[in-house]
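Letter by letter, the chains look like this.
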There are 2 protein chains.
Amino acid sequence: MSRRAAALVIGNEILTGKVVEANLPLLAKTLFELGIRLERVVICRDDLDTIVRDLDALRHTHDVVVTSGGVGPTHDDVTIPAIAKAFGVPIELDPDLAQRIRDHFGPRTTEGHLRMAEVPRGGRLLANQAVHWPVLAMDNVFVLPGVPEIFARKLEVVREALGAGAPYLSGAIYTRCDEGVIAALLARIEAEHHVLVGSYPRFDESDHSVKITFDATERGAIDRAIDETLRALEPGLVVRVVRAA
Amino acid sequence: MSRRAAALVIGNEILTGKVVEANLPLLAKTLFELGIRLERVVICRDDLDTIVRDLDALRHTHDVVVTSGGVGPTHDDVTIPAIAKAFGVPIELDPDLAQRIRDHFGPRTTEGHLRMAEVPRGGRLLANQAVHWPVLAMDNVFVLPGVPEIFARKLEVVREALGAGAPYLSGAIYTRCDEGVIAALLARIEAEHHVLVGSYPRFDESDHSVKITFDATERGAIDRAIDETLRALEPGLVVRVVRAA
């Protein structure tokens, strides 16, 4: 049974259209490769009580929760306090992190700077060679920043922490079929094989009109589903087939 | 008081990383321009009961809900049945839409094709000159497809249906300040003026390290907040100021 994950993206800037959310594609791909099923994403405002409510809803119903955004020194960065509140624990200043901040900023160190050293009691600090600031993990919740370059580096730390289950594999048939004509076929293929079948139409100048995808953890199941689908499709309408790697 | 909106994005392809979600930036900007506050986005799987649960949670707590994805002829397109179930109404075949489909496909018309004519009882069909297929609206829920080109065209129909309230305006100061140093200042500006203050650090080769944003429906409030912030910042660290248009 695959582990199930959810993501909580925190930030008014995304909801007002100022910033385009850029971390979900990488997160989705990474979890897929790990064989972890990303089932749900919530994008919410920089509001303490909203984050607490969403965190509590997601962390009890999923094996893994990854948050993005709302960690930093300013008033709109409330993810750490929300995590502490959701878990019912106080926030403490990590002495090592606080010392590193004081060493860096010297006498110009502010309360804002020191917020970067705040850790909810019971939180774990995860690190590897590639990050110079650790990732906070609290039970099954991993706390990442929203800035994409840093999110990507810290996601590698999360990947190491999660380890790999049976990874998901994916195959595809690119066709010039009409989606309405193959709808019943695809429903039958999904029902009869242990694969998740997706159907993605395009309406542009691409060489295909529908991409059919086949996801499973077992390569043989994907191949059998592709073979049976190919037998049912009009050969002239099949543009290409991509087998699971 | 601004109207409040939520979006429900439906699609396994986004959660597995096969497709990058491309409609939210446009939706967020459009709602912002209309003075409607997008408060929440949920991305969920192509699962009937999940969609029903999410729709019911969102439509009762927001003035407007926009859905994206899951409308089409295949087995994984379950948004219309989910809407019917959420509202407790049967699905009916719209006779005009069904006739247009039969006219187009002739004797090759399938059940899959005809699913495009299914409308939950009580649904409204909205159209303008730019779309050749209407947008389904059910109470406060607007149902859009996931394919970005079509989503964009249909969103214009939704924009006309929603009309404009007092639009949001936005100003910005680009600075080379350290975010930790200005954190207390920004919290005070937001508390004392009727503006939403955002702080967005960058860690790349850009000309600024922090963009401070000021959102409000009243231009004067934004200008006053910007002026007071400028008085408090070190002038040499201010890169540029963008007033609300």
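Residues numbered from 1 in each chain as written. Chains lettered and ligands numbered in written order. Predicted model: local features only at pLDDT ≥ 70, side-chain atom pairs only at ≥ 80, totals over all residues. Heavy atoms only, no water.

Asker: Mind showing me how you'd approach the confidence of the model for chain A here?
Answerer: One rule of thumb: low pLDDT means the predicted coordinates there are not for detailed reading. Averaged over every residue, the pLDDT of chain A is 93; the share at 70 or more is 99%. Quick note on the complex model: pTM equals 0.86, ipTM equals 0.85. (pLDDT = per-residue confidence, 0-100.)

Asker: How do you make sense of the interface of chain B and chain A when you look at a structure like this?
Answerer: Listed per partner, the contact involves 55 residues of chain B and 55 residues of chain A. Carbon and sulfur atoms supply 59% of the area that chain B and chain A bury against each other, a total of about 4,300 Å² over both sides. D54(A) serves as the salt-bridge partner of R40(B), at 2.4 Å between the closest nitrogen and oxygen. Applying the counting criterion to the chain B and chain A interface returns 14 residue pairs in polar contact (both at pLDDT 80 or more). Per element, the largest residue contribution to the side of chain B that touches chain A is eight residues, and it comes from strand β2 (residues 37-44) of chain B. The sheet contact formed by strand β2 (residues 37-44) of chain A and β2(B) spans five bridges and is antiparallel. Within β2(B), the position partnered with I43(A) by the bridge is V41(B). (Contact = heavy atoms within 4.5 Å. Buried area = accessible area lost by both parts, 1.4 Å probe. Salt bridge = Lys/Arg side-chain N within 4 Å of Asp/Glu carboxyl O. Polar contact = N/O pair within 3.5 Å; in protein donor to acceptor, adjacent residues only side chain to side chain. Helix = DSSP H or I, 4+ residues; strand = E, 2+ residues; numbered from the N terminus. Pairing = 2+ DSSP bridges.)

Asker: Honestly, the pattern of salt bridges in this entry has me stumped. Any pointers?
Answerer: Any two side chains of opposite charge can pair if their charged atoms end up close together. Enumeration over the complete set of coordinates arrives at 34 salt bridges over all chains. With a closest N to O distance of 3.4 Å, R159(A) and E33(A) form a salt bridge. Of this pair, R159(A) sits in helix α7 (residues 148-162) while E33(A) sits in helix α2 (residues 24-33), and the two are 126 residues apart along the sequence. Judged by its relative accessible area of 45%, E33(A) is partly exposed. Between R224(B) and E218(B) there is a salt bridge, with its nearest N and O atoms 3.7 Å apart. With relative accessibility at 45%, the residue R224(B) sits in the partly exposed group. (Buried < 20%, exposed > 50% of the residue type's maximum accessible area, 1.4 Å probe, protein only.)

Asker: Sorry if this is basic, but what is going on with the environment of R102(A) here?
Answerer: All names here are of chain A. Note on placement: R102 falls in helix α5 (residues 95-105). Residue classification places R102 among the partly exposed residues on the basis of a relative accessible area of 38%. When the C-alpha atoms of R102 and G70 are compared, they prove to be 22 Å apart, with 32 residues separating the residues in sequence. Excluding its chain neighbours within four sequence positions, the residues that come into contact with R102 are L93, T109 and L114.

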